[in-house]
Each structure stands twice: as structure tokens, then as C-alpha cells.
Amino acid sequence: MGQKITIEPVTRVEGHGKVTIHLDNEGNVTQTRLHIVEFRGFERFVQGRPYWEAPVLVQRLCGICPVSHHLAAAKALDVIVGAGTGDGLTPTGEKMRRLMHYGQIFQSHSLHFFHLASPDLLFGIDADPVKRNVIALALENKDLAVQGVMMRKFGQEIIAATAGKKIHGTGAIPGGINKHLSSFDKKHFLNGEAPLNIKTMVDWSLAALEFFHDYHEKNKAVIDEFIEIPSSYLSLIRKDGALDLYHGVLRAKDQNGNIILHDVDYQDYLKYIDEEVKNWSYMKFPYLKELGKEAGWYTVGPLARLNNADFIDTPLAQKEFENFKSYNNGKPSHKAMHTHWARLIEILHSAEKMEQLLEDPDLTEGPLTVKGKKESEGVGVIEAPRGTLFHHYKVNDHDQIEMCNLIVSTTNNNQPMNEAVNQVAVKMMTGKEEISEAMMNAVEVAIRAYDPCLSCATHALGQMPLEISLFKKEKMIDKKRNR
Amino acid sequence: MHNSSPRILVYGYGNPGRQDDALGVLLAEEINKWAQEENLPNIDIDQNYQLNIEDADKIAQYDIVVFADASMNDVNSYEMDKVVPDAKVDFSMHSVTPSFVVGLCNRIFAGKPLVYQLQIKGYKWEFMEKVTEGARKNLNSAVSYIKNFLLKNINYPH
């Protein structure tokens, strides 16, 4: 009988995850598994509800990325109201949604980089967690900490201005959007008092990349050698090959960069993607049907999107994209810490996109919605901050939802996260008798590179913090550690 | 010390689509309605799904802040405590604690608001918009308490 280490990151009302690492008597890692409870009840919950309620209802699913669910549901319902499969909206409808989406990407990625990644980088992966946070960052580099807070705030303000309110936004509706951007908001975002204006946001996005490059130059081992997870990559891509976070076709590349899913219409996603159930996990394992269950798993998210894209259609982000591609010799990067690099490039791209959109007169005038021949089924796919998000609905003759299927980003990244945790375990636990702070931190860093959403909705007080237990012969030999 | 009434923020957070998780948001709504009816000065209301780092900037602009949230903890119908700054964070950090927000506010925005955490006891957390009967009672008690708390504070220079 060997040892068993258990790491329980979070236990909320229903969403939680834990890591189990099995060691043999010689201390070799024999098996590592990441368990995340995925709440599936929501799909049943929406059955019987009028379809037009879905874009608001789905925000109950997740208080972390409600905008992504809001927009993915609205895109699926565009099909049902006959507004086309993503390119049939009015210019105002599509551009307002895009502004909302870029605001979401910008704030979410900024939060991730400044609040999670930069303290890890500045203080080291093995530093005390009390130090690896943005408050400690503020002591070391106050400007960077302030930038992180204000970039997040700017993105949140964009969302509030386009979605209508912070909680259960109503901006996106089947067939379009429910309002224009106000002239006041437009002026505020373009020329508001610094730092909350778009030009400052672009400048700070560039500064964040400079910070990363400076760190990378001095710490190549951390960024390039922490862990590498070769895999296939799935994402939306614009029809001409450009990075597109809001709409496009589905593309997958293999680990060598060969296209294995050739820019297909996501309305047909079930032809190409299936989900495997494993008896030890509550969360399914999606895979590309053509490659099968064993070889068909893939990674989604910022790194996947940049690995799949041919180019970026904003100049500053394109320049960084070229650096990124050149550094990786034109091949996909499998380095987990390069996800932070990719995330920063997407922050810059989102800032540039928001700047373009805020100058666009279509945001403040023009028809808001479009409708056509009603359909009974629709699929909406969007690139959420954490990766590709699928919403699929069928409605009956009474306009009620009779089927809902969701594949969320964290589910898409299930296998890669398992692979990442296993690599860390092999690297840091082999031959060890005790869980070190460095090992626990490394597991955190590995999982967090994928920015999984472990919680999904509620945030009541009284949740359990991070815990680790070490077992040998079914007996705990190291105490639980709470954070 | 200001000579005018203190600037007060009541900030309710939680997911109103998840049954009793709505308690903080509902309290904020009720206090907002009451403050408008009574024409009370300097009381602002905010709501969100959860707290996050940008709230550090927001609370820096107030003298008194009340964070209201649903609670699974072993409290009676409600409980209010002063928030002590802390750097402790959760694993995913998709949300942060009131203590963390106050710590960040002190550190980078030089704000020194007096901050309280109001916990309102909840019981169920399903996909429903209606809170449970027990939670509703707790909410009513908490609303009465906060009204008295605010009346007491707005009448005194801070």
C-alpha cells in the first residue's frame, strides 16, 4: 500500500475540487488526479422556461464569468429567432456585444495576471501564500498593483455600461442588444479622467507586457521550464484565420501545429466533439471524436487561441503575437507559463478592440435587433476568458426550452489540468515524505495557469479554504493545511 | 473628523439566482428603498455577485462601509463585526474577502474607512430566486438592525 496525498482547493455549495496524488512505497508518483465537481443541474433547471429568458437565467450559473454565459446563450438564441449564426446581427447589435465581451476579457485577464500571476512571479512560486498576493505586490510595486485594480475596474465599467447592470445583466437579447451605448459613457471611456480611460488602458496593457518580458529575460527557467503540456488546441478562429474572441469557426491543431479540425461551423459541434465520463470524476472529459478518447483531448484558453491563430487584427497585439510566435519557432507553445504571456497579449488586443469600438458611431445609433425565420435549435459558442464555451438549446412549439447542453471552459481543460498536476507531482513529490509549501504552491500555480472556475455561483461566507492531507497506508501522516 | 454626516456605503453581495445567497443583495435593495423614502443623506448602495479587488478603490471614498452577505456560518439570524485588514486569499481568488478588500484599500488607496461585515444566516442555495422563509425572517431582522445602525451614524459627525 502506498501513500495518498489529498489537496482540496475549494468546497463551496456544489462546486469544489481536490487533488489526489498516490505514491508507492518507494515514494514514486503512481497516479495523480484532479477532481472538480461540475454542477450539471442547471441544464435541467432551464427546461420548460421561455427561451428568451435564457441569457439572463444562465448568469445564475456563475458569478465569476456571467457575461460569457450571457453572450453564449444570446448567440445560441440568435439562431432560434432567425438572426443567423453569429454574423446576422445589426452592426449595433454585434458591436455592443463585442464591447461587452472585450470588457469581460480585459477585466478577467487583468485580475488573473495582476492578482494571481504577478505575485507568483515577483515573489517566487515557493514563497509564503501570505506574501503571494496583490497586497504584498503593492508593497513591492505599488504602481503595478494600482494598475491591476484599475484595469479590472475599467472592464467592469464597460460591462455595466453595455449589459445594463452588474448583476443579471440584460444587454444581450435574442437577435441583438437592448440599448445603445450612451453618449455620456462613450465620452467617459474615451476621454475620462485618467486613469479610467481607454488610452491609459492601452498604455498599461503594454506596460504589463514589458513587465512580463523583463521578468522572462531574467527568469527563463520559471517561464519556459516550469511544466510543458503537449496537447491539441481548440478555439474559435475568424474565417480568415485572425484571433477572434467573440465569433468564428472551430479550429483545432495538434501538438505539432497541424490543423486537425478544419475551421468548421460550430452549429455542428456534436459531429466533432464528444464527452467521456470517467468513474472517478464528476466532470466530463471532452475529446475530438476523430482522434478518439485517449488521444483526442485538447486544451482551450489563451494559449490555445494564440497557438491556433494566424494573426491578430490589432497592430500592437499583432507585434507581440509575432514575438510570441517567433520565440516558439512558429510552433505551438506547450509551456504552461506561456499562458500568462498569451493572456497579456489578449489584454492588449481587447484594449485595442475597445478603443476601436468606442470610436465607432454604430454603438450610439442604429437598429438594435433583427429577427427572421424561427428555428427550433441553436448553438452559441464564445471564447470566454478561460476558453471555449458551448451553449446548445432546443425549443418546442410553445417557445419553451426542452434541451440545454453546456460545455464550459473548465470542462474543456479537464484533461490538461490533470496532466499539469501530474507533472508537478512527479517533479516535486517523488521521494518526498512530507508535503512542502513549495509543492503545494506549485500545484496551485499549475492549476491556476488554466484559471479554472471551481466555484460556479454562490459566494456565501463559511467556505472551506485550501487543504492538503498526506496519507500512507490509508493513514494520514501529515496534517491538513488550511489557508 | 468631518463636520458633515459621514459618507456611508451599504454593499450587498451574492447571487440572487441562488436562493438564500441573495440575502446581501436583498438587504442592499431594502436599505436603498428606505434611504430614498426617508431622504437620508450620504448613504450609497452597491451590489455585486462577489467582492473583488476594485472594491478597494470604491470603499476608499467612504467613512463607513457595511458589507452584507449570506452566511453558512454558525451565527444566529445575523451578526455584524468590524472588519480587520488581512492579506489572506482563497485558492482561486476569483473573489476576495472583506478583510482583503480593506487591506488593499489601506495599502494602495490610503483609505481608512470603518468597515463592518454583516452576515445574514441562509439555509438553501439552489437555482431559485425566492429565499427560504427562515432566511427572510433573518433578513427582516438584519434590515431593522442596519436601519438603526445607519440612523445612529448619520446623525453624528464622523
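Since we're looking at a predicted model, the values are computed, not measured. (Residues numbered from 1 in each chain as written. Chains lettered and ligands numbered in written order. Predicted model: local features only at pLDDT ≥ 70, side-chain atom pairs only at ≥ 80, totals over all residues. Heavy atoms only, no water.)

Undergrad: Account for the overall build of chain B, naming residues and giving values.
TA: A tally of helices and strands in chain B yields four helices and five strands. The order of helices and strands in chain B, counted from the N terminus, is β-α-β-α-β-β-α-β-α. Over its C-alpha trace chain B gives a radius of gyration of 15 Å, about what one expects of a compact globule, namely 15 Å for 158 residues. Judged by the C-alpha coordinates and their principal axes, chain B covers about 45 × 40 × 25 Å. Out of the 158 residues belonging to chain B, those deemed buried represent 58%. Within chain B, contacts between residues separated by at least 24 positions form 80% of all contacts whose residues are at least 6 apart in sequence. Per element, the accessible surface of chain B, about 6,600 Å² overall, is 43% carbon and sulfur. Taking the average location of the 15 positive side-chain charges in chain B and that of its 21 negative ones, the two points are 3 Å from each other. (Helix = DSSP H or I, 4+ residues; strand = E, 2+ residues; numbered from the N terminus. Rg over C-alpha atoms; globule rule 2.2 N^0.38 Å. Buried < 20%, exposed > 50% of the residue type's maximum accessible area, 1.4 Å probe, protein only. Contact = heavy atoms within 4.5 Å. Areas by Shrake-Rupley, 256 points an atom, 1.4 Å probe, with all protein chains shown as cover. Lys, Arg positive; Asp, Glu negative; His and termini not counted. Charge placed at Lys NZ, Arg CZ, Asp CG, Glu CD.)

Undergrad: Could you give an account of the overall build of chain A, naming the residues involved and the relevant values?
TA: Counting secondary structure elements, chain A contains 17 helices and 16 strands. The buried share of chain A, reckoned over its 483 residues, is 63%. By sequence separation, contacts in chain A at least 24 residues apart represent 69% of the contacts at least 6 residues apart. Surface summary for chain A: the accessible area is close to 17,100 Å², and the carbon and sulfur share equals 49%.

Undergrad: Summarise the pairing of strand E14 (residues 401–407) of chain A; cite the residues concerned and give the values.
TA: Residues and elements named next belong to chain A. E14 sits mainly inside the fold: five of its seven residues count as buried. In this structure, strand E13 (residues 387–395) lies alongside E14, joined through six bridges in antiparallel fashion. Paired with Tyr393 across the two strands is Cys404, which belongs to E14. Between E13 and E14, which pair antiparallel one after the other, the connecting turn spans five residues, and Asp399 there sits at a positive phi close to 65°. (Pairing = 2+ DSSP bridges.)

Undergrad: Report on the packing of aromatic side chains, specifying residues and quantitative values.
TA: Geometry of an aromatic ring pair is reported as the spacing of the ring centres plus the angle between the planes. Residue and element names in this part refer to chain A. The full count for this structure, using the stated rule, is 14 aromatic pairs over all chains. Here the aromatic rings of Phe212 and Trp341 are separated by 5.8 Å at their centres, their planes lie at 35°, and the arrangement is tilted. With Phe212 in helix H8 (residues 198–218) and Trp341 in helix H14 (residues 338–358), this pair connects stretches of sequence that are 129 residues apart. By relative accessible area, which is 2% here, Trp341 ends up buried. One aromatic cluster is present, built from ring pairs that chain together Phe212, Phe324, Tyr327 and Trp341. Lying across the ring of Tyr246, Lys75 places its NZ or CZ 4.6 Å from the centre. Sitting over the face of the ring of Phe285, Lys278 holds its NZ or CZ atom 4.3 Å from the ring centroid. (Phe/Tyr/Trp six-rings, centres within 6.5 Å; stacked < 30°, edge-to-face > 60°. Lys NZ or Arg CZ within 6 Å of the ring centre and 35° of its normal.)

Undergrad: If you had to explain the nonpolar core to someone new, which residues and values would you point to?
TA: Formed by 142 residues in total, the largest nonpolar core has its most connected members in Phe154, Phe226 and Tyr393 of chain A together with Ile59 and Phe67 of chain B. For this core, the leading source of residues is helix H4 (residues 91–123) of chain A, giving 11 residues. Built from parts of two domains, this core gets at least three residues from each of domain 1 (3–39 + 417–478) and domain 2 (232–334) of chain A. For Phe226 of chain A, the residues in contact, after removing those within four places along its chain, are Ile125, Ala221, Met337, Val424, Lys427, Ala442, Val445 and Ala446 of chain A. In this structure, Ile31, Trp125, Leu139 and Phe149 of chain B belong to the second largest nonpolar core, which totals 29 residues. (Core = buried A, V, L, I, M, F, W, Y, C linked by side-chain atoms within 4.5 Å. Domains from an automatic or database assignment.)

Undergrad: An account of the confidence of the model for chain A is needed here, citing residue identities and associated values.
TA: Across chain A, the average pLDDT comes to 86, with 87% of residues at or above 70. Contacts for the low-pLDDT stretch residues 456–468 of chain A, under 50 throughout, to residues beyond four places or in other chains number 74 contacts. (pLDDT = per-residue confidence, 0-100.)

Undergrad: Explain unusual backbone geometry to me, using residue names and the numbers behind them.
TA: All names here are of chain A. Cis geometry marks the peptide bond from Ala194 to Pro195; its omega dihedral reads 10°. Of note, Pro195 is situated in the loop between helix H7 (183–191) and H8. Its identity as a non-glycine residue notwithstanding, Asn329 has a phi of 55°, on the positive side. Along the chain, the position of Asn329 falls in the loop between helix H13 (315–327) and H14.

Undergrad: I'd love a proper account of the sheet that holds strand E1 (residues 8–13) of chain B, names of residues and values included.
TA: Residues and elements named next belong to chain B. Pairing in this open sheet of five strands is mixed, and the strands run E2-E1-E3-E5-E4 from one edge to the other. Bordering the open sheet on either side are strand E2 (43–48) and strand E4 (78–82), each of which pairs with just one other strand. When the angles between neighbouring strand axes are averaged without regard to direction, this sheet yields 20°. In terms of strand pairing, E1 meets strand E3 (residues 64–71) through six bridges, oriented parallel. Within E3, the position partnered with Ile8 by the bridge is Ile64. (Axes fitted to C-alpha atoms, helices over the stretch in contact; angles between N-to-C directions.)

Undergrad: Explain the pattern of salt bridges to me, and be specific about the residues and the numbers.
TA: Residues and elements named next belong to chain A. Applying the stated criterion across every chain, the model contains 22 salt bridges over all chains. Across the pair Glu355 and Lys199 runs a salt bridge, and its minimum N-O distance is 3.0 Å. In this pair, Glu355 is assigned in helix H14 and Lys199 in helix H8, connecting sequence segments 156 residues apart. Note on Glu355: relative accessible area 22%, which makes it partly exposed. A salt bridge links Asp263 to Arg251; its shortest N-O distance comes to 2.8 Å. Linking Asp263 in strand E8 (residues 259–264) with Arg251 in strand E7 (residues 249–253), this pair joins segments that are 12 residues apart in sequence. Among the residues examined, Asp263 registers a relative accessible area of 28% and is labelled partly exposed. Salt bridges sharing partners connect three or more residues here, namely Arg238, Asp240, Asp313 and Lys353. (Salt bridge = Lys/Arg side-chain N within 4 Å of Asp/Glu carboxyl O.)

Undergrad: A description of the domain arrangement of chain A should follow, citing residues and the corresponding values.
TA: All names here are of chain A. Taken domain by domain, chain A consists of domain 1 (3–39 + 417–478) and domain 2 (232–334). Between domain 1 and domain 2, the contact holds 10 residues from the first and seven residues from the second. Here domain 1 packs against domain 2, burying approximately 780 Å² in sum over the two surfaces, 66% of which is carbon and sulfur. Inspection of the domain 1/domain 2 interface yields zero salt bridges. Run the count over domain 1 and domain 2 and you get zero residue pairs in polar contact (both at pLDDT 80 or more). The element that contributes the greatest number of residues to the side of domain 1 that touches domain 2 is strand E3 (residues 29–36), accounting for four residues. Here the residues of the side of domain 1 that touches domain 2 sort into five nonpolar, two polar and three charged. (Buried area = accessible area lost by both parts, 1.4 Å probe. Polar contact = N/O pair within 3.5 Å; in protein donor to acceptor, adjacent residues only side chain to side chain. Nonpolar A, V, L, I, M, F, W, Y, C, P; charged D, E, K, R; others polar.)

Undergrad: Describe the side chain of Ser110 of chain A, with residues and values.
TA: Structurally, Ser110 of chain A is set in helix H4. A relative accessible area of 0% places Ser110 of chain A in the buried class.

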